[in-house]
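Geometric and topological summary
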Amino acid sequence: MPLRSRTPWILLLPSIVLLLALFGWPLVQAVAQAFGNGHGFTLGNFSRLFHDPYFLPALRNTILLIVIVVPIQLVLAIAMTLLVQARPRFIAGHFYLWCLPLAISELAAGLVWLSIFGNRGYLNSLLVRLGLSHDGVQWLGYQHTWTMLLAVVIAEVWRATSLVFVIVVAGVQLIPRDYDEAAQVFGATLWQRLRHVTLPLLAPSLQVALILRTILALQAFAVAQALTGRDFPLLVGETYQWYANLQNPAVASAVSLVVLALSLFTAALYLRTIRSPEEAR
């Protein structure tokens, strides 16, 4: 093979080695641990996982979190992007204010919202002061699954919408303004321009934003842990429980493979359903 044809592979070699070291080898180890028991192939680790009373609630809560949080964040990010496009006064201040949560860690964000939703938090203090409640509401009580879900959803939306916003803003900057101006000349309304011009051309950026945000939502742990502990279990939290507290790396690997399977499924779903105009032809 001539040196010129080998040059791209030589340049890609460090990245390939890094990916194999950081992703390939851990994946092989996880599969070996999940399907092995020290003596050979077994499905016992998955059987133990599926019979665990926390697994199905964790799977349900994780899927609920994705189904609720990701669409809300996408709609908010598009609305914030349209506002930035309108170039209001102090636009730089708007942008930095919305991106501020990106600088806050998940655990810190969870503790911030714990001070709001806690039994003696700011929200209950406000409700008591306004006379709307006598003793406050048990927002994070284990008996109230839906209020716990609401608290985690609000915290996640506040913490991570800015990530989707940054990706959408970057995608909008790549769309030539000629398309939107031509649609305005032909009398298209804002909604028509958004539906038939902006969103189709924004499809590649939306794919990236949705895939990345869904994968991160599948990995959500610290916010829910700070707010609810194990009363609102999530899949990644169960991975931690099996590995650190129950000292069972094999079942922890089985949970991680379930998370990986969900990540691959949602990524493939986004790639097939959200296509740019060129890919749709």
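The structure this text deals with has already been given above.
Residues numbered from 1 in each chain as written. Predicted model: local features only at pLDDT ≥ 70, side-chain atom pairs only at ≥ 80, totals over all residues. Heavy atoms only, no water.

1. Some remarks on helix α5 (residues 106-117)
- Between the first and last C-alpha of α5 there are 16 Å, a value that for 12 residues agrees with the 16 Å anticipated at 1.5 Å per step.
- Of the residues making up α5, those classed as buried are Ala109, Gly110, Trp113 and Phe117. Summarising the axial view, the buried residues of α5 lie within an arc of 100°, below the 170-degree limit, and thus occupy one face. (Helix = DSSP H or I, 4+ residues; strand = E, 2+ residues; numbered from the N terminus. Expected span 1.5 Å × (residues − 1). Buried < 20%, exposed > 50% of the residue type's maximum accessible area, 1.4 Å probe, protein only. Arc of directions from axis to C-beta.)

2. Description of the side chain of Asn61
- Mapped onto the fold, Asn61 is located in helix α3 (residues 55-85).
- The buried category is assigned to Asn61, whose relative accessible area is 1%.
- In this structure the side chain of Asn61 is engaged in a polar contact, spanning 3.1 Å, whose partner is the side chain of Arg60. (Polar contact = N/O pair within 3.5 Å; in protein donor to acceptor, adjacent residues only side chain to side chain.)

3. What about the environment of Glu106?
- Within the fold, Glu106 resides in helix α5.
- Residue classification places Glu106 among the partly exposed positions, given a relative accessible area of 29%.
- Residue contacts for Glu106: discarding those within four places in its chain leaves Arg159, Ala220, Phe221, Ala222 and Val223. (Contact = heavy atoms within 4.5 Å.)

4. Some words on the packing of aromatic side chains
- Taken as a whole and judged by the stated rule, the model has 9 aromatic pairs.
- A ring pair is formed by Trp113 and Trp158, whose centres lie 6.0 Å apart and whose planes are at 70°; its orientation type is edge-to-face. Note that Trp113 is positioned in helix α5 and Trp158 in helix α7 (residues 145-173), a separation of 45 residues in sequence.
- Looking at Trp113, the relative accessible area reads 13%, which means it is buried.
- According to the relative accessible area criterion, Trp158 is partly exposed, its value standing at 33%.
- By the ring-pair criterion, three or more aromatic residues cluster together here, those being Phe35, Phe41, Phe46, Phe50 and Phe55.
- Sitting over the ring of Tyr54, Arg230 keeps its end group 3.7 Å from the ring centre. (Phe/Tyr/Trp six-rings, centres within 6.5 Å; stacked < 30°, edge-to-face > 60°. Lys NZ or Arg CZ within 6 Å of the ring centre and 35° of its normal.)

5. A word on the nonpolar core
- Among the nonpolar cores identified, the biggest contains 42 residues, and Leu49, Phe165, Val168 and Leu235 are the most heavily contacted of them.
- Those elements that place two or more of their residues in this core are α1 (3-34), α2 (44-50), α3, α7, α10 (203-218), α12 (235-245) and α13 (249-273).
- Those residues in contact with Phe165, other than ones at most four positions away along the chain, are Ala77, Met80, Thr81, Val84, Phe95, Trp98 and Cys99.
- Of all hydrophobic cores here, the second largest spans 20 residues; its members include Val152, Ala155, Val157 and Leu227. (Core = buried A, V, L, I, M, F, W, Y, C linked by side-chain atoms within 4.5 Å.)

6. Examining the packing of helix α8 (residues 177-185) against helix α9 (residues 190-201)
- At a closest axis distance of 10 Å, the pairing of α8 and α9 adopts a crossing angle of 165°. The orientation of α8 with respect to α9, classified from their angle, is roughly antiparallel. For the crossing formed where α8 meets α9, the hand is right-handed. Every residue of α9 that contacts α8 at Tyr179, Asp180, Ala183 and Gln184 is listed here: Arg193, Val197 and Leu201.
- Each residue belonging to the contact of α8 with α9 can be placed in one class, and the counts come to 4 nonpolar, 1 polar and 2 charged. (Axes fitted to C-alpha atoms, helices over the stretch in contact; angles between N-to-C directions. Parallel < 35°, antiparallel > 145°, perpendicular 65-115°, else oblique. Left-handed = near helix turned anticlockwise from the far one by under 90°. Nonpolar A, V, L, I, M, F, W, Y, C, P; charged D, E, K, R; others polar.)

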